[in-house]
Amino acid sequence: KSLPGQLVMIRRSPLGYDVEVRNADKGLPVIREYLGTDPVIAMSAAADVVRVATLDSTGLVKVLDIGDRRMVAAIPANNVGAVLAIALTPDGSRVVTAGDSVAIWSIDSGELLDVIEERTTGPIMSIRFTDDGRDLIGLGLAGRYKWRAR
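Criteria and cut-off values
- In this convention, every chain numbers its residues from 1, walking through the sequence in written order.
- Totals for whole chains, interfaces and linings use all residues, but because this is a predicted model, local features are given only for residues with pLDDT of at least 70 and pairs of side-chain atoms are given and counted only at 80 or more.
- Working from all heavy atoms in the structure, the side-chain values ignore hydrogens and water.
- Counting from the N terminus, the helices are the DSSP runs of H or I reaching at least four residues and the strands are the DSSP runs of E reaching at least two.
- Radius of gyration means the value over C-alpha atoms here, while the globule rule gives 2.2 Å times the residue count to the 0.38 power.
- Think of it in three bands: with a 1.4 Å probe and only protein chains considered, a residue is buried below 20% of the maximum accessible area for its type, exposed above 50%, and partly exposed in between.
- The contact criterion used throughout is that any non-hydrogen atoms of two residues lie within 4.5 Å.
- Computed with a 1.4 Å probe, the accessible areas rest on the Shrake-Rupley method; for each residue, only the protein chains presented here act as cover.
- The charge count treats Lys and Arg as positive and Asp and Glu as negative. His and the chain ends do not count.
- The atoms used to mark charge sites are NZ of Lys, CZ of Arg, CG of Asp and CD of Glu.

K.L.:
Describe the overall build of the chain, and please don't skip the residues or the numbers.
P.N.:
A count of helical and extended segments in the chain gives 0 helices and 15 strands. Rg of the C-alpha trace for the chain: 15 Å, near the compact-globule value of 15 Å for 150 residues, within the 12% margin. Reported as C-alpha extents along the three principal axes, the dimensions of the chain are approximately 45 × 30 × 30 Å. Here the chain, with 150 residues, has 47% of them falling under the buried criterion. The contacts in the chain between residues at least 6 apart in sequence include a share of 33% that link residues at least 24 apart. Carbon and sulfur atoms make up 49% of the accessible area of the chain, which amounts to about 7800 Å² in all. Within the chain, one finds 18 positive and 19 negative side-chain charges whose respective centroids are separated by 4 Å.

Now the structure itself:
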């Protein structure tokens, strides 16, 4: 995934999976963090590239703070059903998980802030915040959805 001035990628190594952020101009690593052995199925970055979130196949969301060069959250998001997609708010303060339901989580506390109760005829496969962080746009098997991010 290309971001202004930085390149974020998931790498598979003999030990498992890493998230790596590189300086796009020089190609030099800024940070590399080991994520574990469970396959990474989704990734999201905050607009200002302060934080990067990953979702593994067990439903665990990990959030990496690029500036501090450390993991700031590990949220077991699978307690709201199957999770297939994630999105960070533009400011990197919250993460949304989507799949069987759409849920908003606090990154600082790991607390579930809200479950958006939308009846869909199938799972949400992709989700993102609007640029202002007020709304969510989702794409599922039955079409497109829009929710107010409370």
